[in-house]
Amino acid sequence: RKEVEQDPGPFNVPEGATVAFNCTYSNSASQSFFWYRQDCRKEPKLLMSVYSSGNEDGRFTAQLNRASQYISLLIRDSKLSDSATYLCVVRSADTGRRALTFGSGTRLQVQP
Amino acid sequence: DTAVSQTPKYLVTQMGNDKSIKCEQNLGHDTMYWYKQDSKKFLKIMFSYNNKELIINETVPNRFSPKSPDKAHLNLHINSLELGDSAVYFCASSQGPVQPQHFGDGTRLSIL
């Protein structure tokens, strides 16, 4: 099983829709969680960190469910500019490794 | 000013050649990374340096050799390039080993 798994999509949604992505991680000892966004042929950019109590940044809401070992990203009122690949990132459970592990990404396409 | 800059942006070369990619960050970060993103878009860590010390060395052929002359620079030298080396190579930096990372624009390496 991969350390971090995401549905690759694509998710095709109309403008204004609400869309949610889940990401599962395999090791319950994982401690830090992030969502990154990557546009086509561009570098990944940090979208938001994910906190235990859940957190919101404008139209974006991130949640962590430790019991089920998944994190989620909810996007409300989708814009065309939200079209991108969303990468789930987890701090490696092997603390000696001191690395972040990236999921393979979920592609979102927002349509007019 | 670009925070993480890597050169060249595009690199097209023949199998068997030796090439280098340079990376510099002006964020004052202590940790730098090299990632490889293949055609399936999976982002995989190769190396990480913290204050010029190698802290992550994934299962990468020894044809790949990183070098960090100071904590603001992390270069990647590749010997005897092979077809399978074709990918996008991203440099990144962060304040610490598991802090959110800032990525460079990527170097698109194509092996003929």
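So, about the packing of aromatic side chains. Taken as a whole and assessed by the stated rule, the structure comprises 11 aromatic pairs over all chains. Through a chain of ring-to-ring contacts, the aromatic side chains of Tyr-36 and Phe-102 of chain A together with Tyr-33, Tyr-35, Phe-90 and Phe-103 of chain B assemble into a single cluster.

Now for the state of the cysteines. According to the stated counting rule, one finds 2 disulfides over all chains in the structure shown. Across a sulfur-sulfur distance of 1.9 Å, Cys-23 of chain A and Cys-88 of chain A are joined as a disulfide pair. Between Cys-23 of chain A and Cys-88 of chain A the sulfur-sulfur dihedral comes to about -70 degrees; the bridge is accordingly left-handed. Of this pair, Cys-23 of chain A sits in strand 3 (residues 19-25) while Cys-88 of chain A sits in strand 9 (residues 84-91); the two residues are 65 residues apart in sequence, bridging distant segments of the chain. Across the pair, exposure class does not vary: Cys-23 of chain A and Cys-88 of chain A are buried alike. Note on cysteine connectivity: Cys-23 of chain B is disulfide-linked to Cys-91 of chain B, with sulfurs 1.8 Å apart. Between Cys-23 of chain B and Cys-91 of chain B the sulfur-sulfur dihedral comes to about -75 degrees; the bridge is accordingly left-handed. Highlighted residues: Cys-23 of chain B in strand 3 (residues 19-25) and Cys-91 of chain B in strand 9 (residues 87-94), separated in sequence by 68 residues. By the burial criterion, Cys-23 of chain B is buried, and Cys-91 of chain B matches it.

Once that is clear, we can look at the pattern of salt bridges. Close approach of charged atoms allows side chains of opposite charge to pair. Taken as a whole, this structure holds 7 salt bridges over all chains when the rule is applied. Two residues, Asp-77 of chain A and Lys-79 of chain A, come together in a salt bridge whose shortest N-O distance is 2.9 Å. For Lys-79 of chain A, a relative accessible area of 34% gives the class partly exposed. For Arg-63 of chain B, the salt bridge goes to Asp-85 of chain B, with nearest N and O atoms at 2.8 Å. Placement of Arg-63 of chain B in the loop between strand 6 (53-57) and strand 7 (64-70) and of Asp-85 of chain B in the loop between strand 8 (73-78) and strand 9 is noted, with a sequence separation of 22 residues between them. Just as Arg-63 of chain B is buried, Asp-85 of chain B falls in that class too. Connected via shared salt-bridge partners are Arg-63, Glu-82 and Asp-85 of chain B.

Conventions we followed
- Per chain, the residues get numbers from 1 upward, laid out in the order the sequence is written.
- Chain letters and ligand numbers both follow the written order, the letters beginning at A and the numbers at 1.
- The predicted nature of this model means local features are confined to residues of pLDDT at least 70 and side-chain atom pairs, given and counted, to a pLDDT of 80 or more, with totals for whole chains, interfaces and linings taken over all residues.
- The side-chain quantities take in all heavy atoms of the structure and omit both hydrogens and water.
- Pairing of aromatic rings covers Phe, Tyr and Trp, the last counted by its six-membered ring, and requires centre-to-centre distances within 6.5 Å; plane angles under 30 degrees mean stacked, over 60 mean edge-to-face, and any other angle means tilted.
- Working definition: a disulfide is two cysteine sulfur atoms within 2.5 Å of each other.
- The helix count covers DSSP runs of H or I at least four residues long, the strand count covers runs of E at least two residues long, and both are numbered beginning at the N terminus.
- Each residue is assigned to one of three classes by its accessible area relative to the maximum for its type, calculated with a 1.4 Å probe on protein chains only: buried under 20%, partly exposed between the two thresholds, exposed over 50%.
- The salt bridge criterion pairs a side-chain nitrogen of Lys or Arg with a carboxyl oxygen of Asp or Glu, the two atoms within 4 Å.

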